[in-house]
Each structure stands twice: as structure tokens, then as C-alpha cells.
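# Fold and contact review
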Amino acid sequence: MTALSPAHDPQASAVPPVDGRPPAARRRKGGRRDNSARQSRAAWILALPFMLLFVVFTAGPVISSLYFSFTDIRSRDLRTPFAVTFVGLQNYAHVFADDRFRTAAFNTAYFVVIGVPVTLGIALAAALALNTGITKFRTLFRVGYYTPVVTSIVAVAVVWRFLLREDVGLVNTVLRWFGVNGPDWLGSTTWAMPSLIAMASWRNFGTAMIIFLAGLQSVPLMLHEAAAIDGANGWQRFRHITVPLLRPTILFVMVTTIVGYLQFFEEPFVMTNGGPLDSTISMSMFTYQQFGFGNYGFASATSYVLFVIIVCLSAVQFRFLRSNT
Amino acid sequence: MLGNRKSATSKWLLYTVVTLGFVAVITPFVWMILGSFKGQGELLRVPPTWWPQTPTLDNYRTLFGKGLFPRSFANSTFVAVVITAANVTFCSMVGYALAKLKFRGKNLVFALVMATLMVPGMVTLVPLFVLVANLGMVDTYPGLILPFLVTPFGVFLMRQFIIDLPDDLLDAGRIDGAGEMRIFRQIILPLCGPGLATLGILTFLGSWNNFLWPLVVAQNQEHYTLPVALALFSKDQQTIPNYGLLLAGATVVVVPVLIVFLIFQRRFIEGIASTGIK
């Protein structure tokens with residue numbers, strides 16, 4: 001990845017000079033304006049239903065949430081959400097001073113820092129295997145690996161809660177074949193979080209694998225052949241050909257996975273209820289609980305903390321992608 | 001192929017690892033389905049049985065006898081169908097405008113869509129609930145449906161799809177005197193089949209599996225969707241869970257989606273891949 005300065009951005013030089021229109025276009029200016037007015041009207045008619053619903057149910061709430069986070073709105077203000085007191089940054093001060101929120105933030109970081117590399121590692125390994133070595137049953141493997149992605153997290157969490165039981169759970173049964181006595185996974189402050197990470201990786205690696213596979217298809221075979229002739233082994237070819245060419249794909253998958261994992265909610269909600277001893281409570285779960293207690297302003301502030309982190313990550317991604325393509 | 005010099009052992013090893021992975025990924029589902037036909041006694045036996053020793057339909061009978069699950073199944077289906085139809089319609093309309101038409105405010109609309117692509121559900125939770133409560137729509141179908149009738153992701157997907165269609169077709173239509181609406185309906189839409197199918201499948205799936213909003217807005221059993229019914233049902237039995245019932249419930253949530261997925265797996269996988277490349 002060479003550091004391209006904005007001035008060398010190929011897109012920047014693609015902007016046409018101000019008066020670069022061909023003379024023919026200038027002559028037909030009147031007709032063009034007619035056409036463009038017609039297009040503009042049609043476009044807005046087509047966009048109208050979307051814009052109405054989008055403004056009311058997405059853009060509006062995003063802004064209201066920011067506004068709420070600076071007020072003391074509670075559930076009793078439900079009918080008068082605009083007759084509440086502005087409290088400035090007080091909610092945010094309370095958020096960062098809250099011990100449970102800090103625990104939730106730590107747990108979320110734990111989930112992301114371990115979960116994302118594990119998920120992407122499995123996904124990349126599966127994609128490489130399916131892309132190079134496997135010829136028979138390729139579709140079967142691909143479909144199988146992708147299957148957990150389409151299923152409801154709530155449903156698989158219910159199933160995994162059973163699989164992870166200490167006595168009759170399938171996981172510990174398999175471990176016992178090898179002479180290992182597995183712990184009470186979800187009942188242990190040490191093992192509950194790794195269990196959730198394992199389940200999330202199992203459920204989500206399929207998406208990343210599919211995107212990696214698509215990316216690998218665009219790596220020219222010729223490069224690999226040339227390198228092989230020069231005596232590069234498999235690992236060297238992976239390290240110096242595949243990885244650099246796959247970098248934008250890896251970055252995209254990494255950011256979307258991080259953004260998804262930062263919001264993890266259903267897994268602890270169903271499997272551990274945030275326990276034992278808050279060891280699996282996530283930021284999203286914390287927000288949900290505050291909402292349930294009726295602390296609307298406080299809940300909005302916690303959700304905005306998460307949102308700001310996500311926005312920063314997306315910005316990083318756009319920056320890198322622009323300097324890469 | 002490069003692999004032709006690979007030794008047979010390494011090939012064999014690769015297949016073994018990939019197959020083991022496959023088994024590990026699929027086992028929870030097989031276990032879930034088989035377990036849903038076992039009684040509580042058999043489910044708690046050590047060591048666990050694999051194939052049901054005394055297969056029973058009792059779990060499903062209890063589940064559907066209660067009336068909760070059939071109702072939730074109908075709710076999930078209804079909500080997902082309406083949301084899918086709306087997204088397919090509205091998102092392709094805007095997608096076309098953003099991809100092929102010139103209009104004032106286009107960049108702003110597109111910027112808004114891109115900016116909200118990654119907004120977490122938690123951020124809009126409180127204001128949406130306040131809004132829906134003031135509209136008197138808590139615990140109603142409109143309350144479950146309205147917030148999801150359009151999604152920025154759907155617009156993005158359709159725009160990316162339509163932008164690749166050749167401009168010549170549109171120009172030909174314009175020369176023949178067709179209005180933009182007619183061009184959209186008679187030229188663009190028929191070419192959008194694969195894009196609409198991808199959007200439709202992903203939207204249906206998203207709605208079927210959606211949890212947070214239905215959990216908040218559906219407050220009585222009559223409006224629960226399947227994931228809400230299952231999650232609250234499982235929370236009710238923290239002490240001595242009836243695993244057979246839970247596994248049957250999970251099966252009811254998962255299996256319809258699995259069937260749809262296996263039928264349309266190509267479409268699914270291409271759809272996911274296309275979101276990554278573009």
C-alpha cells in the first residue's frame with residue numbers, strides 16, 4: 001500500500017474542466033434543460049415514498065436520538081418528548097462514570113478484539129481451501145459453511161445453550177471422548193465470553209468466506225504460476241501475491257465484521273442474560289436495559305457512544321479504500 | 001492447475017479438514033432437529049443419544065397446541081412479506097433515480113443513504129419507540145412494519161445493480177418518446193430480476209430473523225414474531241428448561257429459512273458476494 005497523496009488520486013484528475021463541454025452540447029442547451037426538468041421531476045416522484053419513510057423512520061430518529069442524549073428524557077415524558085430539560089453533556093459524563101457501562105465496553109472490546117480475527121481467520125482459511133484444493137463437492141461445502149448465516153441468532157443461541165451444558169451438552173460429550181472434562185461454559189465468568197465468541201464465529205464466518213472467495217477469484221492465476229516458476233512456495237505466494245491483492249477485500253470484510261460485532265446483543269440476551277456477574281453484558285445490552293428502565297436520555301447517550309465508534313471505523317475504511325483504488 | 005504437483009496425501013488431508021469443518025458447522029442443526037423429536041428424559045440422558053430412541057411428536061403438539069407459535073409464525077410471515085414487497089418496490093424506484101437520472105439533490109440523497117448504511121438499531125431505538133408510541137402504534141402491525149418499509153441497504157443494492165445496465169437502452173426509450181416512469185416500468189424493471197431477487201431474499205431473511213425492534217414493540221403474545229416468542233419462551237424457563245420444546249421451537253424458526261436458502265442458495269451467495277465487491 002503506497003501512500004498516495006490526494007493530489008495524485010486518479011479520481012481527482014478525472015474531473016472535467018469547467019468549460020469542457022463539446023460545442024454541440026452547448027447548442028442544444030434549451031432542449032437539454034427541458035429534458036433535465038422532466039428527469040428531475042420523475043426522479044423526485046420515484047424518490048418520494050422512500051424519502052418520506054426514510055426521513056420519518058431513519059434520519060429523523062438518528063437526529064432525535066442525538067437530541068435526546070443531551071436531555072433528561074425518561075419514560076414518563078413519552079407523550080411530551082420535546083418538553084424536557086436540556087442537560088448538556090451530563091448523560092455522557094454519567095455514561096463514562098458508570099461501572100457497569102465500563103464493564104459492558106470492556107466486554108464489547110473483548111468480543112471484537114478476539115472474535116473478529118477468529119471469524120476472519122476461519123473465513124480466509126475456508127475460502128483458500130475451497131478456492132484452490134477442493135474440486136469435488138465444492139458447492140456442498142460452500143453451502144454448508146454458509147448455512148448458519150441465514151439462521152436466526154435467537155434460534156441458534158437457544159440450541160447452543162443446550163450444546164454448551166456441562167452435563168449433557170454435546171460439546172463436553174465430545175471433549176470427554178478425548179479425556180477432557182469441559183467446564184460449565186455459560187455458567188463460568190472465564191468461559192462464558194469465549195463461548196459467545198465461538199458461537200458468533202461459527203454463525204458469521206460464512207459471509208466473510210463468500211466475499212473472500214469472490215475476491216480470490218479476481219487474483220490472476222498467471223501471477224501465481226509465474227511466482228511458482230520462480231520457485232516461490234505456497235506460503236510465499238499467499239503472503240506476497242494473494243494478501244496484497246486481497247487487501248481491499250480484507251479491509252471491507254474486517255470493518256463490516258467489526259461494526260456488526262460491536263453491536264452484539266442477541267447472543268448474551270438469550271444465552272447468558274449478560275451474566276454470570278455481568279461478564280457477558282454488551283454495550284447494546286446495556287443500552288437496551290437502560291431503555292427498559294425508562295432512562296431514555298441516558299440510553300440514547302450510550303447508543304451514541306457506540307455510534308461514534310462505528311462512524312470512525314467507517315471513515316477509516318473509506319480513507320484506506322480511496323488510497324488503495 | 002497449480003495443484004497438480006501436490007502430493008495425494010496433502011490433498012487427502014485438505015479434504016479431511018474441510019469435511020471435519022463441514023460436520024462441525026452442520027452438527028448443531030442436525031442435533032436441533034433430531035432433539036426436537038426426543039422427550040425431556042432422553043434429552044437429559046448421559047451420554048446423550050444421537051438418533052431418537054423413542055421418537056415423539058409431543059414437542060410439536062404442545063408447541064402448536066398452545067396457539068402461541070402458530071400465531072407467531074403467521075405474524076413473522078405477514079410482517080416479512082409486507083416489508084419485502086415494500087422494499088423491492090420503493091428501493092428499486094430510488095435506485096433507478098440515483099443510478100440513471102439527473103436531478104437536483106441527487107448527491108444529497110445518496111449521501112444520506114450512504115451515511116445511514118451502518119446506523120446501529122440501538123441508536124434509533126428510543127426515538128422510534130417514542131414516535132411509534134405517540135402514533136398509538138405500540139403492539140400493532142403498523143408498529144412492527146413501518147420502520148422497515150425502506151432500508152438504505154436496499155437502495156444501495158439497487159443503485160449498484162441498475163448503474164451497470166447499459167444507458168443505450170434508456171436513450172432508445174427516450175428517443176421513442178417514453179416518459180421516465182414508462183422507461184422504469186417497461187425497460188429497467190424487467191432487467192432487474194436478479195437484483196430484485198437478491199434484495200427480496202435478503203430483506204425477507206432480515207425481517208424473519210429481526211429481533212430487537214419486535215421485542216420492544218410487540219408487547220402481547222398476539223403480536224410476537226417467532227424470534228421474540230422463542231426468546232421470551234426460553235427466558236421463562238431458566239431453571240428447568242423444557243429442552244424438547246425449545247429445540248422444536250428453534251426448528252420451527254430455522255427450518256423454513258433453511259429450505260428457502262437451499263432452493264435459492266446461488267442467489268443468496270451471489271448477492272452476498274456482490275455487496276462485497278462493489
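Starting from 1, residues in each chain are numbered consecutively following that chain's sequence as written. Ligands are numbered from 1 and chains lettered from A, in the order in which they are written. Totals for whole chains, interfaces and linings use every residue, but because this is a predicted model, local features are given only for residues with pLDDT of at least 70 and side-chain atom pairs only at 80 or more, for both listing and counting. The side-chain values count all of the structure's non-hydrogen atoms but skip hydrogen atoms and water molecules.

### Topic: the overall build of chain B
- A run of DSSP states H or I qualifies as a helix once it reaches four residues; a run of E qualifies as a strand once it reaches two. Both are numbered from the N-terminal end. A count of helices and strands for chain B gives 15 helices and zero strands.
- For chain B, whose C-alpha radius of gyration is 24 Å, the value lies well above the compact-globule estimate of 19 Å for 278 residues.
- Dimensions of chain B, computed from C-alpha atoms along their principal axes, come out at roughly 75 × 70 × 30 Å.
- Residue burial is assigned from relative accessible area. The probe radius is 1.4 Å, only protein chains are included, and a residue is buried under 20% of its type maximum, exposed over 50%, and partly exposed in between. In chain B, which comprises 278 residues, the share counted as buried stands at 52%.
- We call two residues in contact when some of their heavy atoms are within 4.5 Å. Contacts in chain B between residues at least 24 apart in sequence constitute 73% of all its contacts with a sequence separation of at least 6.
- Accessible surface area values rest on a Shrake-Rupley calculation with a 1.4 Å probe, where residue burial reflects the displayed protein chains alone. When the accessible surface of chain B is totalled, it reaches about 12,400 Å², and 66% of it is carbon and sulfur.
- Positive residues here are Lys and Arg, negative ones are Asp and Glu, while His and the chain termini are left out of the count. One atom stands in for each charge, and that atom is NZ of Lys, CZ of Arg, CG of Asp or CD of Glu. Taken together, the 20 basic and 12 acidic charged side chains of chain B have centroids lying 7 Å from each other. A radius of gyration in this sense is built from C-alpha atoms; the matching globule rule multiplies 2.2 Å by the number of residues raised to 0.38.

### Digging into the interface of chain B and chain A
- Of the residues lining the interface, 100 residues belong to chain B; the matching set on chain A comes to 94 residues.
- Buried area counts how much accessible surface, traced with a 1.4 Å probe, disappears from two parts once they are put together, with both parts' losses summed. Regarding the contact of chain B and chain A, the summed buried area is about 8,600 Å², with carbon and sulfur atoms giving 78% of it.
- In what follows, salt bridge is the name for a side-chain nitrogen of Lys or Arg lying within 4 Å of a carboxyl oxygen of Asp or Glu. One can count one salt bridge joining chain B with chain A.
- A salt bridge links E180 of chain B to R38 of chain A; the shortest N-O distance between them is 4.0 Å.
- Any N or O atom pair separated by 3.5 Å or less is treated as a polar contact, with the protein-specific requirement of one donor-capable and one acceptor-capable atom, and with residues adjacent in sequence counted only for side-chain atom pairs. The tally of links from chain B across to chain A stands at eleven residue pairs in polar contact (both at pLDDT 80 or more).
- Take the side of chain B that touches chain A: its biggest share by element is 15 residues, from helix α1 (residues 8-35) of chain B.
- Note on residue classes: Ala, Val, Leu, Ile, Met, Phe, Trp, Tyr, Cys and Pro are nonpolar, Asp, Glu, Lys and Arg are charged, and everything else, Gly too, is polar. Here the side of chain B that touches chain A is composed, by residue class, of 75 nonpolar, 17 polar and eight charged.

### So, the domain arrangement of chain B
Residue and element names in this part refer to chain B.
- What counts as a domain boundary in this text is fixed by an automatic or database domain assignment. Taken domain by domain, chain B consists of domain 1 (1-65 + 237-261) and domain 2 (72-229).
- Between domain 1 and domain 2, the C-alpha centre-to-centre distance is 34 Å.
- Taken together, the contact pairs four residues of domain 1 with four residues of domain 2.
- When the two sides are added together, the surface that domain 1 and domain 2 hide from each other amounts to roughly 440 Å², 87% of it contributed by carbon and sulfur.
- Its largest share of buried area at the contact with domain 2, domain 1 owes to V252, V253 and V257, together 76% of the area lost on that side.
- Across the domain 1-domain 2 interface, the total number found is zero salt bridges.

### Concerning the packing of aromatic side chains
- Aromatic pairs are defined between Phe, Tyr and Trp rings, using the six-membered ring for Trp, whenever the two ring centres lie within 6.5 Å; interplanar angles under 30 degrees are classed as stacked, those over 60 as edge-to-face, and all others as tilted. Enumeration over the complete set of coordinates arrives at 36 aromatic pairs over all chains.
- Arranged with centres 5.6 Å apart and planes meeting at 80°, the rings of F141 of chain A and F22 of chain B form a pair that is edge-to-face. Here F141 of chain A is found in helix α6 (residues 138-146), whereas its partner F22 of chain B is found in helix α1 on a different chain.
- By relative accessible area, F141 of chain A is classed as buried at 4%.
- Ring pairing ties together the aromatic residues F96, F101, F286 and F298 of chain A, which thus form one cluster.
- Placement of a charge over a ring requires the Lys NZ or Arg CZ to be within 6 Å of the ring centre, with the centre-to-atom vector within 35 degrees of the ring normal. K38 of chain B extends its terminal NZ or CZ atom over the ring of W31 of chain B, reaching a point 4.5 Å from the ring centre.

### Quick word on the nonpolar core
- Throughout this description, the term nonpolar core refers to a set of buried Ala, Val, Leu, Ile, Met, Phe, Trp, Tyr and Cys residues connected via side-chain atoms within 4.5 Å. Residues Y145, Y146, M209 and F265 of chain A together with Y96, I188 and L230 of chain B are the most contacted members of the largest nonpolar core, which totals 183 residues.
- Here this core gets 15 residues from one element, more than from any other, and that element is helix α9 (residues 192-217) of chain A.

### Overview of helix α5 (residues 99-132) of chain A
- Any helix carries an expected span of 1.5 Å times its number of residues minus one. Across its 34 residues, α5 of chain A extends 49 Å between first and last C-alpha, which sits within 8% of the 50 Å expected from 1.5 Å per residue.
- At G115 of chain A, α5 of chain A shows its strongest bend, of approximately 30°, with the proline P117 of chain A following within four residues. Throughout, bend refers to the angle between the axes fitted to the seven residues that end at a position and the seven residues that start at it.

### Remarks on the confidence of the model for chain A
- Confidence scores here are pLDDT values: one per residue, from the predictor, ranging 0 to 100. In the predicted model, chain A carries a mean pLDDT of 83, and 88% of its residues have values of at least 70.
- For the stretch residues 1-30 of chain A, pLDDT sits under 50, and the model shows eleven contacts to residues farther than four places along the chain or on other chains.

### What about the pattern of salt bridges?
- Counted by the stated rule, this structure contains eight salt bridges over all chains.
- A salt bridge links D77 of chain A to R76 of chain A, with the nearest nitrogen and oxygen atoms 3.6 Å apart.
- Judged by its relative accessible area of 10%, D77 of chain A is buried.
- Residue class for R76 of chain A comes out exposed when judged on its relative accessible area of 65%.
- When the shortest N-O distance is used, the salt bridge between E180 of chain B and R174 of chain B registers 2.9 Å.

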